[in-house]
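# Observations on the three-dimensional arrangement
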Amino acid sequence: MKLHEYQAKEVLARFGVPVPRGRVARTPDEAEAIAKELGGRVVVKAQAHTGARGKAGGVKLAADPAEAKAHAANIIGMTLVTHQTGPQGLPVSSVLVEEAIDIEREIYLSVAIDNSPGMPVIIASAQGGMDIEEVAANTPDAIHKTWIDPACGFQPFQGRQLAFAVGLDGEHLNPASTLIGNLAKSFLDSDGSIVEINPLVVTKDGRLLAADAKFSIDESAEFRQQALAEQRDRSQEAEKELEAHDAGIQNYIKLDGNIGCLVNGAGLAMATLDAIKFAGGDAANFLDIGTANNPEAVVSALKIIGSDPDVKAVLINIFGGLARTDIIAEGAVQAINQGLVKQPVVVRLAGTNVEIGKQVLDDAGLDLGRADGFAEAARMAVEAAQNAKNAQNTQ
Ligand code: GDP
Ligand code: MN
């Protein structure tokens, strides 16, 4: 779950990371009032869940409150399109109005989870303000990393080492080391999946300030991050993914193909996408229902898949370990009988209680595609989707 920049900066400030003075505005008048409070020269920043807003016209400097009001009037209500949002863009309903800062240098600083060692990693680069992927590709030596060992936690020397590496020495060394430690603490205490300050600015008058901030919270930790979870801005998220989230399905990602997939386990879900691709088709989504041992979860998941206009056929591919295939079969039958899935459905069940699961499908008397093999199931689903598409085109 992503926070807006203004929300991220509230979190950072709480942990002692210095941020520019400023507040969020939802109307041009509010933006003008905040600019007056801040003393006139401000920056007006579109609040949307994307980076690269600057290049897209979402970050504007204003010389006085009247200009701040004019920028806010242009930005609020706009659809911000960046290379991260896709062509449909994201709606902007608020702006962050902040004191303008005179920038001497821009540094990159972030904390993320590094999956290979299974530890949080702190990343810093002297080449701030730019796309970090680009820096990593062109000048990998300009990127410095240090890992937080969960057994002993963040160590102050790590902050000093990183600060040195990006040239924050001399008078900046102590404040920069403290800032890095506080950033690490904000990440750990908030169950972050990533926190990024790009740029961390050295101002002309020698201060360090987080000029931009992105913060994502691990969704699995939402239950213990209530205050942050409540800040979720639903307008920034894909409708189907929200529906899945509300139904308690963590792992749903909308894709651009036409075969809806209901699978248990992330590994099997990945393999299912591959099998569909191999059979010449494309999946409409990634969906891992996990160990869903209640039919209701299956019904909710199939409702989401079935109501997606892109979906031309559905593939249910279950390997029951802890998950019971009979319960999943029951859920599938319920969803189809309730009219939630009108598309052709192919089912492949294997594993726990598979004989009972198959019996449930037999007894339901539905017109289902059935397969025992993985590849065969994928082939059938691709064919069904192709037939549905052809039928539609000839109508
Ligand atoms: P992003 O484009 O979405 O990453 O938004 P940022 O907040 O990073 O803004 C983009 C760029 O605008 C920054 O890299 C800065 O160079 C510049 N910028 C942001 N705030 C200020 C400010 O207060 N003063 C000045 N001079 N430049 C700013
Ligand atoms: Mn930025």
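Our structure's up above, just so we're on the same page.
Calculation criteria
Residues numbered from 1 in each chain as written. Chains lettered and ligands numbered in written order. Predicted model: local features only at pLDDT ≥ 70, side-chain atom pairs only at ≥ 80, totals over all residues. Heavy atoms only, no water. Helix = DSSP H or I, 4+ residues; strand = E, 2+ residues; numbered from the N terminus. Buried < 20%, exposed > 50% of the residue type's maximum accessible area, 1.4 Å probe, protein only. Contact = heavy atoms within 4.5 Å. Areas by Shrake-Rupley, 256 points an atom, 1.4 Å probe, with all protein chains shown as cover. Lys, Arg positive; Asp, Glu negative; His and termini not counted. Charge placed at Lys NZ, Arg CZ, Asp CG, Glu CD. Donors = N, O, S within 2.8 Å, 3.2 Å for Na, K, Ca; no water. 1 Å grid on protein atoms, 1.4 Å probe; cavity = no way out; pocket = protein on both sides within 12 Å on 5 of 7 lines; lining within 4 Å. Points joined across faces, edges and corners; volume = space filled by probe spheres on them. Pairing = 2+ DSSP bridges. Axes fitted to C-alpha atoms, helices over the stretch in contact; angles between N-to-C directions. Core = buried A, V, L, I, M, F, W, Y, C linked by side-chain atoms within 4.5 Å. Near = heavy atom within 4 Å. Polar contact = N/O pair within 3.5 Å; in protein donor to acceptor, adjacent residues only side chain to side chain. Nonpolar A, V, L, I, M, F, W, Y, C, P; charged D, E, K, R; others polar. Domains from an automatic or database assignment. Right-handed = clockwise from strand over helix to strand, strands pointing away.

### Observations concerning the overall build of the protein chain
- Each helix and strand in the protein chain was counted, giving 13 helices and 18 strands.
- For the protein chain, the spread of C-alpha atoms along the principal axes amounts to about 75 × 50 × 40 Å.
- Across the 395 residues of the protein chain, 50% fall into the buried class.
- When contacts within the protein chain are restricted to residue pairs at least 6 apart in sequence, those whose partners lie at least 24 apart make up 69%.
- Total accessible area on the protein chain is roughly 18100 Å²; 51% of this is exposed by carbon and sulfur atoms.
- Here the protein chain contributes 35 positively and 52 negatively charged side chains, and the mean placements of these two sets differ by 3 Å.

### Things to note about the coordination of the manganese ion (ligand 2)
- The protein atoms donating to the manganese ion (ligand 2) are Asn-198 (O) and Asp-212 (OD), with metal-donor distances spanning 2.2 Å. Of this pair, Asn-198 sits in strand 10 (residues 192-203) while Asp-212 sits in the loop between strand 11 (208-210) and strand 12 (214-217), and the two are 14 residues apart along the sequence.
- Judged by relative accessible area, which is 14%, Asn-198 ranks as buried.
- Assessed through its relative accessible area of 11%, Asp-212 is described here as buried.

### Section: empty space enclosed by the protein
- All chains considered together, the criterion is met by 1 cavity of 30 Å³ or more.
- As for the largest cavity, its lining consists of Ile-107, Leu-109, Ala-124, Val-166, Leu-168, Ala-176, Leu-179, Ile-180 and Leu-200.
- Counting residues per element, the ones that place at least two in the lining of the largest cavity are strand 7 (103-114) and helix 6 (173-189).
- At 3 residues, helix 6 tops the list of elements feeding residues into the lining of the largest cavity.

### A look at the sheet that holds strand 1 (residues 22-25)
- The strand order across the open sheet built from 4 strands is 1-6-2-3, with neighbouring strands paired in antiparallel fashion. In the strand order of this sheet, the two ends are held by strand 1 and strand 3 (59-62), each with one partner. Strand after strand, the sheet turns through a mean of 20 degrees between neighbouring axes, direction not considered.
- Here strand 1 runs beside strand 6 (residues 95-99); their pairing, made up of 4 bridges, is antiparallel. Paired with Val-24 across the bridge in strand 6 is Leu-96.
- Docked against the sheet, helix 1 (residues 5-14) engages strand 1, strand 2 (42-46) and strand 6, running at close to 50 degrees with respect to strand 6.
- In the packing of helix 3 (residues 65-75) onto the sheet, the strands contacted are strand 2, strand 3 and strand 6, and the crossing angle to strand 3 comes to about 160 degrees.

### Things to note about the nonpolar core
- Grouped together as the largest cluster of nonpolar side chains are 34 residues, with contacts concentrated most on Leu-12, Leu-109, Ile-122, Leu-168, Leu-183, Ile-197 and Phe-215.
- For this core, the secondary-structure elements that each account for two or more residues are helix 1, strand 7, strand 8 (119-125), helix 5 (156-165), helix 6, strand 10, strand 11 and strand 12.
- A per-element tally of this core places helix 6 first, with 7 residues.
- When near neighbours in sequence (up to four residues on either side) are disregarded, Ile-122 contacts Leu-109, Ser-110, Val-111, His-144, Lys-145, Thr-146, Ile-148, Phe-154, Leu-162, Ile-180 and Ala-184.
- Counting residues in hydrophobic clusters, the runner-up holds 33 residues, among them Ala-329, Ala-332, Ile-336 and Val-354.

### Remarks on the site of ligand 1
- In the region of ligand 1, 16 residues are neighbours, and Lys-45, Arg-53, Gly-54, Ile-101 and Glu-106 sit closest.
- Here Asp-212 contributes a side-chain N or O atom positioned 3.0 Å from an oxygen atom of ligand 1.
- Taken by itself ligand 1 offers 560 Å² of open surface, and the protein chains cover 78% of this.
- Looking at the shell around ligand 1, the elements with two or more residues in it are strand 2, strand 3, strand 7 and strand 10.
- For the shell around ligand 1, the residue count by class is 8 nonpolar, 3 polar and 5 charged.
- Taken domain by domain, the shell around ligand 1 gets at least three of its residues from each of domain 1 (1-20 + 103-237) and domain 2 (21-100).

### Remarks on the pairing of strand 16 (residues 313-320)
- Among the 8 residues that make up strand 16, 7 are buried, leaving the element largely enclosed by the rest of the structure.
- The β-α-β motif built from strand 16, the intervening helix 11 (residues 325-337) and the parallel element strand 17 (residues 345-351) has right-handed crossover chirality.

### Overview of the environment of Gly-181
- Structurally, the position occupied by Gly-181 is in helix 6.
- Classification of Gly-181 by relative accessible area gives buried; the value is 16%.
- As for Gly-181 and Ala-297, which are separated by 116 residues in sequence, their C-alpha atoms are 42 Å apart.

Distances and angles like these do not, on their own, reveal function.
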